[in-house]
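# Chain and residue survey
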Amino acid sequence: MLDYIRLARPKQWIKNLFIFAPLIFSHHLLNFEKIKTEIIAFISFSLIASSVYVINDIFDRESDRAHPVKRNRPIASGRVGVWEGFAFALFLFLCGLFFSFSLNFKSRFLIISYFLMMLLYSLKLKHVVLLDVFVIAIGFMMRVLAGAYSIEVVVSKWLFITTLFLSLFLAISKRRMELYFSIQNPNSGVSEQRKVLDEYNIKFADQMLVITAGGAVISYALYTISERTVSLFKTESLIYTTIFVLYGIFRYMYLIYQKKSGENPTDVILGDVGIIVNVFLWLIACVVVIYREQIFKFFGLAF
């Protein structure tokens, strides 16, 4: 049972929290029906994503055996058979599809499109330079759109672009650390396990990281002071939350360059207290700014 849980990679579900972004930034965080809908979307997306992880492990089982860490995955190690893996992937997909029928057509279409895109990624696209990181970034944007479609709200273009830059930043940092690890450990089998690394080098990855990091911060700052945002939240105070975005980017880059982390962005984020605290402070600051009127009324204070 533990091997099947590992196959589903529930730790990776943290990525699907992007689904809740439209809920917070559309002024619907206190709407119970919309919260319930977003939770269903989260569950559906997570199960569908897990089915892709299992299929990817099946396709990569031979190359995973050459990796010092991935060789211990259930399918690569032989603890779970290939056909058992396919059956489990089908089970996860059908469960995710079942939950998606509680959502509107747009959300369901987007979730299924994500599955097809990631299936194509596992088969071919992850071996194509640059396209491999862009597919990952598109996957994050599809999460945001799925959350927006589920509760029928419009996503700000600036928030959409911020997600693009941020997800590209995380994807490129992952490639950079895989490349760094393969250079430092030439006999590790990492370069054989991911052939696309031959198309990258450290300098190229560093240049892309600088561009995407700057783009993420600037686009988020522009989102906070855009006319639509100020009109919706009736304040320009959201600009002050940019400091948390800056710190988060800098902290992550510190972990990449100084601590040599980053091969798995989820492990980096969940394993660093500084980033976790920063995310919670950013979230609290956003909620206070966006829902200040409701908060004041709840405590019986004049606004």
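None of these values were measured; they are calculated from a predicted model.

Bringing the side chain of Asp206 into the picture now. Take Asp206: it is sitting in helix H10 (residues 202-224). At 2.5 Å, the side chain of Asp206 forms a polar contact with the side chain of Arg176. What Asp206 contacts, discounting residues up to four positions off in sequence, is Arg176 and Tyr257.

Under the defined criterion, the tally for this structure stands at 13 aromatic pairs. Plain terms: the ring middles of Phe98 and Phe99 are 5.8 Å apart, the flat faces sit at 75° to each other, and that makes the pair edge-to-face. Looking at Phe99, the relative accessible area reads 29%, which means it is partly exposed. Note on Tyr220 and Tyr223: the rings are 6.3 Å apart at their centroids and 45° apart in plane angle, and the pair reads as tilted. Here the residue Tyr220 and the residue Tyr223 both occupy positions in helix H10, the gap between them amounting to three residues, near one helical turn. Residues Tyr220 and Tyr223 agree in their burial class; the two are buried. Sitting above the plane of the Phe140 ring, Arg143 keeps its charged end 4.9 Å from the centroid.

Before going further, it helps to spend a moment on the environment of Thr224. Relative to the assigned elements, Thr224 resides in helix H10. It is 22 Å that separates the C-alpha atoms of Thr224 and Tyr252, two residues lying 28 residues apart in sequence. The residues contacting Thr224, other than those within four sequence positions of it, are Thr229, Val230, Leu238, Ile239, Thr241 and Thr242.

About the thresholds
Residues numbered from 1 in each chain as written. Predicted model: local features only at pLDDT ≥ 70, side-chain atom pairs only at ≥ 80, totals over all residues. Heavy atoms only, no water. Helix = DSSP H or I, 4+ residues; strand = E, 2+ residues; numbered from the N terminus. Polar contact = N/O pair within 3.5 Å; in protein donor to acceptor, adjacent residues only side chain to side chain. Contact = heavy atoms within 4.5 Å. Phe/Tyr/Trp six-rings, centres within 6.5 Å; stacked < 30°, edge-to-face > 60°. Buried < 20%, exposed > 50% of the residue type's maximum accessible area, 1.4 Å probe, protein only. Lys NZ or Arg CZ within 6 Å of the ring centre and 35° of its normal.

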